[in-house]
Amino acid sequence: MADSVGPGIVEWYGGGDRPGHRCGYCKSSDTNVSDGMWAHALTVQDYQDLIDRGWRRSGKYCYKPKMDTTCCPHYTIKMGALDFKMSKSHKKIIKQFNKFIIHGKKRGEHETEEDGMGETEGGGLKGAGAEKGGKKKGSGSHDSSGKEKVMETDKDRVETETSQVKGAPKPGLGADPNKPKCKKAKELRKERKLAKQSYNPQPEKQPSQKQKNSGEKTLEDLLNEPDQAESCAHKLEIRLVRSEPRSPEFTKSFDHAHSVYHSYQMKIHNDPPEKPSVAQYTRFLCNSPLQEEYKEGRLPMGYGSFHQQYWLDGQIIAVGVIDILPNCVSSVYLYYHPDYDFLSLGTYSALREIAFVRELNKKDPDLTFYYMGYYIHSCPKMKYKGQYYPSYLLCPEVYSWHPIEECAPKLDQNRYSRFAEPGKEDEEGKVELDKVMILHKRMAMTYEQYKLLNPRKQTTHDNVIRKYSSFVGRSCATRMLLYRD
């Protein structure tokens, strides 16, 4: 195990205006504009501080959208895992997944009376209860399409129940004995409310102490139900394997995992067969600048980059790429075998990863958040990330966090918006240039020392260093080494 790590080393591509590229969300040409740098190495604290200033990584390449310029502003989003509130659709997806694992029933298949007898009012299954570690997540960023399919909405159920006559009414139950009993206004209002919620799912309110005492099921309770069943039709196992540096388990399962990725990219993203190659897969999802780190008495698996593999009956069906950082689990990507699309793996794996954060928090109290990548308010298929409550968006100017429900009205008016109150400044962006760390001719030095060695280019260098340090922030600028030839 690594007892110590070296400093982060980055190579910044900025200093001038970078051309835009085609946007993958609105499909406009040359309108997606970002700044970028190549990370040769990063400590987990480096990357934690960078994502808290709007950066994200793709392999070893780190990028930061130019929010006031790009066509579809990308807002960093995080969720408070310890305070997570499940919605009804979240519970339904877990229930459908458990039904497949325990009974072998796919969504929409006819349910036998025996299967139905196993269900409780809370949507769980009798004899359910505790899954190993509560691990995993991830949709591509959880899959980028944000699949959250619900078999039957509350409105569908209400309309079905109210439109079917269940037999001749008993006499004396209404003014006309040949008609069913009229519903009270209170009942009708309740049905209308349920129907409305099915199209606008809201997070459930904080459970009261009375609800907690009543034994209401937690996220972990629902996820762990298959482990408590007397028998299961399928066996699910979730394995956490370190991807950087490569662990033996990662290497052994590499070809299997890549074959799933290849199928996913072709079927879900319509890639040609040659595009999701081994080289592309390695560059995109296996290589990472994060160094392996351990803290005494904290997480036994350490911090850094990992793959969480979903094994079903001995076969990988999904892989979530994640980074475990000092304050969060950061989702990088999720891919799955298209044959298992009916399991809503994008949402299910996100719920798994939230539970994983909560499990890690027992060992490291500082680790409390779940980062889902970027939230794009102007892109309908990316707004699903805001349905995980409570979520917060990063202000693109001050880099402070704000509840998404306060940010949404502003984003309804303008794609680009500042969330912080007027007058507040980005204190972390104020950096004393002479203290910025530089890597020059294989030697670490301050920018002040670097200027003494390169006096002729001081003016040009000042502009570059000033822009770089404002992007990465004071903490990273004075800790990481910026490569300069």
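This text gives an overview of the structure that appears in the document. (Residues numbered from 1 in each chain as written. Predicted model: local features only at pLDDT ≥ 70, side-chain atom pairs only at ≥ 80, totals over all residues. Heavy atoms only, no water.)

Focus on empty space enclosed by the protein
Moving on, step 1. All chains considered together, the criterion is met by two cavities of 30 Å³ or more.
Moving on, step 2. By volume, the largest cavity amounts to about 80 Å³.
Moving on, step 3. Put simply, the parts of the chain that give the lining of the largest cavity at least two residues each are β4 (61-65) and β5 (75-80).
Moving on, step 4. When the residues that make up the lining of the largest cavity are grouped by side-chain class, the tally is seven nonpolar, three polar and two charged.
Moving on, step 5. Its volume calculated, the second largest cavity comes out at about 40 Å³.
Moving on, step 6. Every residue along the wall of the second largest cavity is listed here: Ile93, Gln96, Phe97, Phe100, Lys105, Lys106, Arg107, Phe342 and Leu343.
Moving on, step 7. Tallied by class, residues from the lining of the second largest cavity come to five nonpolar, one polar and three charged. (1 Å grid on protein atoms, 1.4 Å probe; cavity = no way out; pocket = protein on both sides within 12 Å on 5 of 7 lines; lining within 4 Å. Points joined across faces, edges and corners; volume = space filled by probe spheres on them. Helix = DSSP H or I, 4+ residues; strand = E, 2+ residues; numbered from the N terminus. Nonpolar A, V, L, I, M, F, W, Y, C, P; charged D, E, K, R; others polar.)

Structural notes on the packing of aromatic side chains
Moving on, step 1. Applying the stated criterion across every chain, the model contains 19 aromatic pairs.
Moving on, step 2. The interplanar angle of 85° and the centroid separation of 6.3 Å between the aromatic rings of tyrosine 264 and tyrosine 333 together place this pair among those described as edge-to-face. Taken together, the residues span a long stretch of sequence, with tyrosine 264 in helix α10 (residues 254-268) and tyrosine 333 in strand β9 (residues 328-336) at a distance of 69 residues.
Moving on, step 3. The class for tyrosine 333 is buried, based on a relative accessible area of 10%. (Phe/Tyr/Trp six-rings, centres within 6.5 Å; stacked < 30°, edge-to-face > 60°. Buried < 20%, exposed > 50% of the residue type's maximum accessible area, 1.4 Å probe, protein only.)

So, the sheet that holds strand β13 (residues 437-440)
Moving on, step 1. What the seven strands build is an open sheet, ordered β3-β4-β2-β1-β15-β13-β14; its pairing is mixed. Two strands in the sheet have a free side with no partner beyond their single neighbour: β3 (56-58) and β14 (443-446). Strand-to-strand, the axes of this sheet are offset by a mean angle of 35°, without reference to chain direction.
Moving on, step 2. Running at roughly 120° to strand β1 (residues 9-12), helix α15 (residues 458-472) makes contact with β1, β2 (34-41), β4, β13 and β15 (481-483) of the sheet. (Pairing = 2+ DSSP bridges. Axes fitted to C-alpha atoms, helices over the stretch in contact; angles between N-to-C directions. Contact = heavy atoms within 4.5 Å.)

Observations regarding the sheet that holds strand β12 (residues 401-403)
Moving on, step 1. The eight strands lie next to each other as β6-β7-β8-β9-β10-β5-β11-β12, forming an open sheet whose pairing is mixed. The open sheet has two edge strands, β6 (236-244) and β12, and neither has a second partner. Along the sheet, successive strands turn relative to each other by an average axial angle of 35°, direction set aside.
Moving on, step 2. When β5 meets strand β10 (residues 369-375), the two strands line up antiparallel, connected through five bridges.

Structural notes on the pairing of β13
Moving on, step 1. Of the two faces of β13, the one lined by Met437 and Leu439 and the one lined by Ile438 and His440 are each fully buried.
Moving on, step 2. Between β13 and β14, which pair antiparallel and follow one another directly, the connecting turn spans two residues, one of which, lysine 441, has a positive phi of 55°.
Moving on, step 3. The pairing of β13 with β15 spans two bridges and is classified as parallel. If you follow leucine 439 over to β15, its bridge partner there is tyrosine 483.

Some points on the pattern of salt bridges
Moving on, step 1. Scanning the entire structure with this criterion turns up 19 salt bridges.
Moving on, step 2. A salt bridge links arginine 57 to aspartate 323, with the shortest nitrogen-to-oxygen separation between them at 2.9 Å. Of this pair, arginine 57 sits in strand β3 while aspartate 323 is found in strand β8 (residues 315-324), placing the two residues 266 residues apart along the sequence. The residues arginine 57 and aspartate 323 share a single accessibility class, namely buried.
Moving on, step 3. Across the salt bridge formed by aspartate 271 and lysine 275, the nearest N and O atoms sit 4.0 Å from each other.
Moving on, step 4. According to the relative accessible area criterion, aspartate 271 is buried, its value standing at 11%.
Moving on, step 5. Look at the salt bridges and you will find they share partners, linking Asp46, Asp49 and Arg479 into a network. (Salt bridge = Lys/Arg side-chain N within 4 Å of Asp/Glu carboxyl O.)

Remarks on the pairing of β8
Moving on, step 1. Counting buried positions along β8 gives nine out of ten residues, so the element sits mostly inside the fold.
Moving on, step 2. Looking at chain direction, strand β7 (residues 304-312) and β8 are connected through nine bridges and run antiparallel. Bridge assignment links serine 305 to a residue of β8, and that residue is aspartate 323.
Moving on, step 3. Bridge analysis of β8 against β9 gives seven bridges, and the strand direction is antiparallel. By the bridge assignment, valine 319 is partnered in β9 with tyrosine 335.
Moving on, step 4. Connecting β8 to the antiparallel partner β9 that follows it, the hairpin turn spans three residues.

Examining the packing of α10 against helix α11 (residues 278-286)
Moving on, step 1. Contact pair α10 / α11: the axes reach a minimum separation of 11 Å and the direction vectors enclose 95°. Taken together, the axes of α10 and α11 lie roughly perpendicular to each other. Side by side, α10 and α11 meet where Phe254, Ala257, His258 and Tyr261 of the first sit next to Val278, Gln280, Tyr281, Thr282, Phe284, Leu285 and Cys286 of the second.
Moving on, step 2. Of the residues belonging to the contact of α10 with α11, the class tally is eight nonpolar, three polar and no charged. (Parallel < 35°, antiparallel > 145°, perpendicular 65-115°, else oblique.)

Notes on unusual backbone geometry
Moving on, step 1. Going from glutamate 244 to proline 245, the amide bond is cis rather than trans, its omega being -5°.
Moving on, step 2. Mapped onto the secondary structure, proline 245 falls in the loop between β6 and α9 (248-252).
Moving on, step 3. The amide bond that connects tyrosine 389 to the next residue, proline 390, takes the cis arrangement and shows omega of 0°.
Moving on, step 4. Checked against the element boundaries, proline 390 lands in the loop between β10 and β11 (391-394).
Moving on, step 5. Its identity is not glycine, yet aspartate 313 carries a phi of approximately 50°, on the positive side.
Moving on, step 6. Residue position: aspartate 313 is located in the loop between β7 and β8.

A short note on helix α13 (residues 404-413)
Moving on, step 1. Residues Ile404, Cys407 and Leu411 constitute the buried set of α13. Across the axial projection of α13, the buried residues extend over an arc of 60°, all falling on one side. In α13, the exposed positions angled more than 90 degrees off the buried face are occupied by Glu406, Asp412 and Gln413.
Moving on, step 2. Where α13 is buried, its residues contact β5, β10, β11 and β12. (Arc of directions from axis to C-beta.)

Focus on the layout of surface pockets
A water-sized probe, rolled over the atoms, reveals where empty space remains.
Moving on, step 1. There is about 1,400 Å³ of room inside the second largest pocket.
Moving on, step 2. What lines the second largest pocket is a set of 38 residues, among which Tyr25, Ser58, Tyr63, Phe284 and Tyr333 lie closest to the centre.
Moving on, step 3. Mapped onto the lining of the second largest pocket, the elements with two or more residues apiece are β2, β3, β4, α10, α11, β9 and β10.
Moving on, step 4. The class makeup of the residues in the lining of the second largest pocket is twelve nonpolar, 16 polar and ten charged.

Shape is all these values report; function is a separate question.
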